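# A look at the structure
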Amino acid sequence: MSDSADNTPHGRRSGVTIDQARALVKVYETHSYSACMRPLGVSSPSAVYNQIKRMADAIGTSSLVSSSNGYVTLTPAGSRLLSAAIKIVEAADTLRPESGAVRFSSYPVLAGRAASGIARFVNKKRAELPVDVDFYDISASHRDDQGRGLVRRVESGEIDVVIAPARTFPDNPRVSEVDAHTWDLRVVTANADMSEKATVRVSEIASLKLLVSPLGHHSRELVERTLREDKADAEIAMSCEDQWLMARIGRSSERYAAVVPSDALTGRRDDYPALVNSRGETLGGSYSLYYLTEHRNRAESAGPGDPEDRSQNRRSQDIHDLVQQLAHDPVLLYGTDEDRRRKRNRS
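Residues numbered from 1 in each chain as written. Predicted model: local features only at pLDDT ≥ 70, side-chain atom pairs only at ≥ 80, totals over all residues. Heavy atoms only, no water.

For helix H11 (residues 293-301), every residue scored as buried is listed here: Thr293, His295 and Ala299. Projected down its long axis, H11 shows its buried positions confined to an angular sector of 160 degrees, all on one face. Of the surrounding secondary structure, the elements contacted by the buried residues of H11 are strand S6 (175-188), strand S12 (284-292) and helix H13 (314-327). (Buried < 20%, exposed > 50% of the residue type's maximum accessible area, 1.4 Å probe, protein only. Helix = DSSP H or I, 4+ residues; strand = E, 2+ residues; numbered from the N terminus. Arc of directions from axis to C-beta. Contact = heavy atoms within 4.5 Å.)

Here you go:
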């Protein structure tokens, strides 16, 4: 399999994130990618390296770190940025109020899906006790470790609510998990032999040029794993963050097949065949909402008609209420209004 275009779409650069600045500072302090894993809440040394590489890409320099025999040092460019990175981290750690805006974070696409539910939550609260929700450190780089770092930051209290892949830390009693959203992979192509089917096997699309999500996306991992398991030899012609663009290319050509998560499609998703493996199993995943268990416990123990308890536990109540709002939000759960109507009609 080849992968000829695993770059940021259209050559765009994103800004430096708090996670990237924190990674640079930790590498400076420890001189080791492995030693940074736990404090950064990531699961592999490569996730630490990728954060710093994204930082270098964002500011337009070649490298911020250098490694020799496992000992990591900052390059001259990294050393010049160190003081600014420390200030970013210190500011982020300082701005963790005990009350105030609820801090929400996720991948950009999921934050976009949650935006309408968050707006409804804020508008509803306006008639009671107003609350603000901050979109906090929304970044595609959270995919590097499948959202584990996000959930760690919930545990530390830096972020209040995140949407991340389900069952990230199933045995962590400090963090509560609420089901939010499921998706499956759909095949978008103008190839008549496949576009009219309800399901398409991976082996059937192996003859086409595949358009898939970049490395780090769960959908990409599923495609590559299933290609290996089914021993299907396929060419990955392009990988791109812009799934709408991939779907458009797939709809326009019989030679291409875009493999796109169902939640990235608009309109009638059932018009596109579901991708299945050799056993006929659909390929997909799910996301959950995460927040501190102590917030859930405070909110659930406070009597809904007790103004004093409500006032004392207002922050926990706001966080808990936002989670419940998003857990039942039709756009986050089902996508477009049309998808919501079809879901309701089937039930």
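Another aspect to go through is the packing of helix H5 (residues 108-126) against H13. At a closest axis distance of 9 Å, the pairing of H5 and H13 adopts a crossing angle of 130 degrees. As far as their axial angle goes, H13 and H5 are oblique. Our pair here, H5 against H13, has a crossing hand that is right-handed. Residues Ala114, Gly117, Ile118, Arg120, Phe121, Lys124 and Lys125 of H5 lie in contact with H13, whose contacting residues are Asp318, Asp321, Leu322, Gln325 and Leu326. A class-by-class count of the residues in the contact of H5 with H13 yields 5 nonpolar, 2 polar and 5 charged. (Axes fitted to C-alpha atoms, helices over the stretch in contact; angles between N-to-C directions. Parallel < 35°, antiparallel > 145°, perpendicular 65-115°, else oblique. Left-handed = near helix turned anticlockwise from the far one by under 90°. Nonpolar A, V, L, I, M, F, W, Y, C, P; charged D, E, K, R; others polar.)

Inspection of every chain in the model, using the stated rule, returns 3 aromatic pairs. Ring geometry for tyrosine 33 versus tyrosine 49: centroids 6.0 Å apart, planes at 80 degrees, classification edge-to-face. One end of the pair, tyrosine 33, is in helix H2 (residues 33-40); the other, tyrosine 49, is in helix H3 (residues 45-59), with 16 residues separating them in the sequence. You can call tyrosine 33 buried: its relative accessible area is 15%. Here tyrosine 49 falls in the partly exposed class, since its relative accessible area comes to 37%. Their ring planes at 80 degrees and their centres at 5.7 Å tell us that phenylalanine 104 and phenylalanine 135 sit as a pair that is edge-to-face. Placement of phenylalanine 104 in strand S3 (residues 102-105) and of phenylalanine 135 in strand S4 (residues 133-135) is noted, with a sequence separation of 31 residues between them. Classification of phenylalanine 104 as buried rests on a relative accessible area of 0%. (Phe/Tyr/Trp six-rings, centres within 6.5 Å; stacked < 30°, edge-to-face > 60°.)

Bringing the nonpolar core into the picture now. Most often, soluble globular proteins keep nonpolar side chains buried together rather than apart. One finds Phe104 and Val161 to be the most contacted residues of the largest nonpolar core, which totals 43 residues. Among the elements that line this core, the one with the most residues is H5, at 6 residues. With near-sequence residues (within four places) excluded, phenylalanine 104 lies in contact with Ala111, Ala114, Ile118, Val133, Asp134, Phe135, Tyr136, Ile138, Ile159, Val161, Ile163 and Leu326. With 21 residues, the next largest nonpolar core counts Ala21, Met55, Leu82 and Ala85 among its residues. (Core = buried A, V, L, I, M, F, W, Y, C linked by side-chain atoms within 4.5 Å.)

The next subject is the pairing of S6. A large share of S6 lies buried, amounting to 10 of its 14 residues. For S6 and S12, the ladder comprises 9 bridges, and the chain directions are antiparallel. Paired with tryptophan 183 across the two strands is glycine 285, which belongs to S12. Of the strand pairs in this sheet, S6 and strand S10 (residues 256-261) are connected by 4 bridges, and their pairing is antiparallel. Paired with leucine 185 across the bridge in S10 is proline 261. (Pairing = 2+ DSSP bridges.)

These results come straight from atomic positions and should not be treated as a statement about function.
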